[in-house]
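Per-entry structural report
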Amino acid sequence: MRLTVLIFLLFSTLASFSQKKTAYVSGKVIDENEDPVPAVTITILGKQNGILSSDSGKFRIEVPAEKAFALVFSHTGFHDEQKNFYLSPGEQEQLTVKLMRSSKILKTVVINNEKERKETGLIKINPKSAITLPGATGGVEGLIKTLVGSNNELTSQYSVRGGNYDENLIYINGFEIYRPYLIRNGEQEGLSFINPELVKNIDFYTGGFQAKYGDKISSVLDIQYKKPVSFGGSVYVSLLEQGLHLEGLSKNKKLSWLFGVRSKTNRNLLSSQETKGNYIPSASDLQAYLTYKMSEKLQLEVLGIISGSKFTLIPESAQKSTAVFSPLFTANIGLDIYFDGQEKDSYNSNLIGISLNQNVNNSVKLKWMFSRYGDIENENTDIAGAYLFGERSFDKTQPDFGQITNPLGAGVFQNYARNDLNITVYNLSHKGSYNLGKHFLQWGVSFDHSVINDHLNEWEMQDSAGYSLPFNPNQLNLSSVLKSNENLSVDKYSGYLQDNIHLSHGANEVSLQAGVRFNYDALNKEFLVSPRAQVSYKPDWKRDIIFKASTGIYDQPPFYREMRRPDGTINTALKSQKSIQYVAGFDYNLSNVKRPMRITTEAYFKSLWDVDPYDINNLQISYFGENNARAYAAGIETRVFTELVKDAESWFSLGISQTKENINNNFYYTYKNKEGEVIGSQTKDQVVADSVRTDVGWIRRPSDRLITMGLFLQDYLSTNKNFKVHLNLIYGSNMSYNIPNSMKYRNALIIEPYIRVDIGFSALLLSEKSLRRSHSPFRSFENIWASLEVFNLIDRANTISYQLIKDFANDTFSIPNRLTPRLINFKLLARF
């Protein structure tokens, strides 16, 4: 009997806990004249579904009990109103809600189309997310890194599907953007060319893009700047960056203008680097975008960008450490360096672009474009250093804690560089489109004239244990010398023709995009034709899913960097790198879930030939300058786009990939003596009796990474939408690091996985200006936000490259070069 009662009480308790505890809120919604407001949307903050008020303005909504929540009352033409609650189970709360009319005018109409879902590789990014993203780089490129992965938070550069930084196209309003060429590491890099405050639309293609886009083999970033419809602006200040933007429209609505100015210094970020010294980095830019409506059919657009960055480093000392584990030897290895000298670099670029848009009629649109890009870069380095290398003590109880107790090597070195690079690129192009209903024809032709003046003078001296490397008893040798003076003039012609065809509508929708590109390089006399096609199919299913696939030839004509060999000479006969690419995937829009959710998956395969192999050291890409390799890249990518709470976009990205290359004549010899023992080289007591040739074959490319994972998450308090959190997480599995001038040990080193977590907290300090008093000093501001950001939340010491050191026995050790530790940043953003 007692057991029966116990079981009954237990099940009763469980049943009571399983019941959902609710309460009710009811009342009436009125305006400032106390008239009822019908059709007011009433939702629980962070939820998608809600109710509407009746014709008399009354409402009754079921709400959770015993937890804090907020109700949001919204209606077109009124300011949103938020009410916070904490109710007991079964409690019924009554209230009257007054909505204030808004003076805002609806400025844009959002048309929902399925362009993003139908095109392979296309990801549309919300520009607002680029402004709120926490991170050392931030901006548009920071968002892209959460989608494709990264291994360096100090740069705005990114690699896509096994490619490198030079394989990405970037356009701003149709004008191609270039990045600096001499930058060696992220510390030297300044501002990104893209100002996120000016951006209206972001289209990012991870591969399989259309024929209308230029000649690169990895990705396209297509940016559109805003065309203002009224006066406005913003200003922000942080510990790393400051900026101001203004926009407006003339009274006759013919002239619109958009200006942005930014300034950035990474001094606080770099002061915690392993190399101690005086860092003086600075960067600034000025951007303007003007549009003038000449007539109903003619519009003139002008884009101007002036950007400059300077980097000065007066190093003092550096302490680096790593651990060595082996069956025979385990130690904590340290490297202490003491410097003398300095480095002074400058990178200045500018762009002026003019386009004339002509709407011939409702079907035909023509565009005439001219641009000039200029780039002036200078590197001035003269740094000497003395180093001590050996086992470091990490025993805090000993007086020699942190010191090198067992020296393994010592030496001196000197790095010298006086490099100057001037590049000017002129472009003249025409684009057009013709809408024929089911067919949408697009075409374009372009002419590029590039002038390159390069003066290269750099050398490195290394002395280990009193011997200059490479050792020669008869003379003093430098470990590396690069000297070159090149003046090049290159003309390129390109064009495309493509047709977007709607093959069927209704139950089963099929779309086809087919096109072809041509490219002629007058320097190497190479003419290329690149056909491309993609198809999408939306079946008549209950589930909202679209299947898509694409294939095509993608070529990359060489520019200056690809033509330069490791010894500094230029290979003007270098041909284009070529690839054939296949992409297939689906886009699934889940409509039967509480929150909007979209899943995209794509598998890809790229076969490349006439490949120009390269090594990467931090950001510096060093090409072989020869078409002497084949390569491939294959993988699969899945992304989930959703909203954890209403109006707060989040996504998760996961990629699995592999990219390898096979370099022609990539082999090495293993030498043996008479006893069959392996020897490195012939000595007095060892005579080479035999050798074995080993062909290396397929090896990992420098950009090979098995797993990439990214997360961008936005959330806000359940009781207040004005307190938000933004989380940015990036993971990338290990990468290979190539030892220079070594075929045998080309992939000998491994860079450990990259893990980075940045988080930001934002609070709205000032909201709707119509609710402020007329004498308020903040009357003109729309809103003011304050943000606290924590970079590298987990304080992980990520590795970007290695420094190679030889000990007294001529054995080589690798010491990792680390990226930035944890850092706090504060930011104020005001809009008006």
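As the structure is a prediction and not an experimental result, all values here were calculated from the model.

**Concerning the side chain of Arg117**
The topology assignment puts Arg117 in helix α2 (residues 115-118). Accessibility expressed as a relative area gives 7% for Arg117, which makes it buried. Within the structure, the side chain of Arg117 is placed 3.1 Å from the side chain of Asp544, a separation counted as a polar contact. Contact partners of Arg117, with chain neighbours within four places excluded, come to Asp544, Ile545, Ile546, Lys548, Asp587, Tyr588, Asn589 and Arg598.

**Looking at the packing of aromatic side chains**
Per the counting criterion, the structure on display carries 26 aromatic pairs. Aromatic ring contacts, followed pair by pair, group Tyr178, Tyr181, Tyr373 and Phe559 into a single cluster. Across from the ring centre of Tyr171, 6.0 Å away, lies the NZ or CZ of Lys431, which sits over that ring. Across the ring face of Tyr236, the terminal group of Lys827 is positioned such that the distance to the ring centre comes to 5.0 Å.

**What about the nonpolar core?**
Formed by 55 residues in total, the largest nonpolar core has its most connected members in Ile125, Ile194, Phe204, Leu221, Ile223 and Tyr225. With five residues, helix α4 (residues 139-148) is the single largest residue contributor to this core. What Tyr225 contacts, discounting residues up to four positions off in sequence, is Ile172, Asn173, Phe193, Ile194, Asn195, Leu198, Val199, Lys200, Leu258, Gln287, Tyr289 and Leu303. Among the nonpolar cores identified, the runner-up in size contains 20 residues, and Val40, Phe69, Leu87 and Leu99 belong to it.

**Focus on a nonpolar patch on the surface**
There is a patch of nonpolar side chains on the surface, built from Leu239, Phe761, Leu765, Leu788, Ile824, Phe826 and Leu828 and spanning about 630 Å² of accessible area. Ranked by residue count, the leading element in the nonpolar patch is strand β45 (residues 823-831), at three residues. As for its placement among the helices and strands, Phe761 is situated in strand β41 (residues 754-766). Judged by its relative accessible area of 40%, Phe761 falls in the partly exposed class.

**Some remarks on the confidence of the model for the protein chain**
Per-residue pLDDT for the protein chain has a mean of 85; in total, 90% of the residues score no lower than 70. Low pLDDT, under 50, characterises residues 681-685; the predicted model gives this stretch two contacts beyond four residues in sequence or across chains.

**Quick notes on unusual backbone geometry**
With a phi close to 65°, Asn618 is a non-glycine residue in the positive phi region. Within the element layout of this structure, Asn618 appears in the loop between β29 (614-617) and β30 (620-623). Non-glycine residue Asp795 carries a positive phi angle of around 55°. For Asp795, the position within the fold is in the loop between β42 (783-791) and β43 (799-806).

Reading guide: rules and limits
- Per chain, residue numbering runs from 1 following the sequence as it is written.
- At least 70 in pLDDT is required for a residue's local features to be given in this predicted model, at least 80 for side-chain atom pairs to be given and counted, and no such filter applies to totals for whole chains, interfaces and linings, which use all residues.
- Calculated side-chain values reflect all of the structure's heavy atoms, with hydrogen atoms and water omitted.
- For helices the rule is a DSSP run of H or I covering at least 4 residues; for strands it is a run of E covering at least 2, with both sets numbered from the N terminus onward.
- Whether a residue is buried, partly exposed or exposed follows from its accessible area with a 1.4 Å probe, protein chains only, as a fraction of its type maximum: under 20%, in between, or over 50%, in that order.
- Contacts described as polar in this section are N or O atom pairs within 3.5 Å, which, within protein, must combine one atom able to donate a hydrogen with one able to accept it, while residues neighboring in sequence count only if both atoms come from side chains.
- In what follows, residue pairs with any heavy atoms lying within 4.5 Å of each other are defined as contacts.
- For Phe, Tyr and Trp, where Trp contributes only its six-membered ring, two rings pair if their centres lie within 6.5 Å, and the inter-plane angle classes them as stacked under 30 degrees, edge-to-face over 60, or tilted in between.
- Charge over a ring is defined by NZ of Lys or CZ of Arg lying within 6 Å of the ring centre and within 35 degrees of the ring normal.
- For the purposes of this section, nonpolar cores are sets of buried Ala, Val, Leu, Ile, Met, Phe, Trp, Tyr and Cys residues that join through side-chain atoms within 4.5 Å.
- Patch definition: residues with relative accessible area over 30% and no salt bridge; like charges joined within 9 Å; nonpolar side chains (Val, Leu, Ile, Met, Phe, Trp, Tyr) joined within 5 Å.
- With residues, only the protein chains shown are counted as cover, and all accessible areas are computed by Shrake-Rupley using a 1.4 Å probe.
- The term salt bridge refers to a pairing of a side-chain nitrogen on Lys or Arg with a carboxyl oxygen on Asp or Glu at a separation within 4 Å.
- A residue's pLDDT is the predictor's confidence in that residue, given on a scale from 0 to 100.

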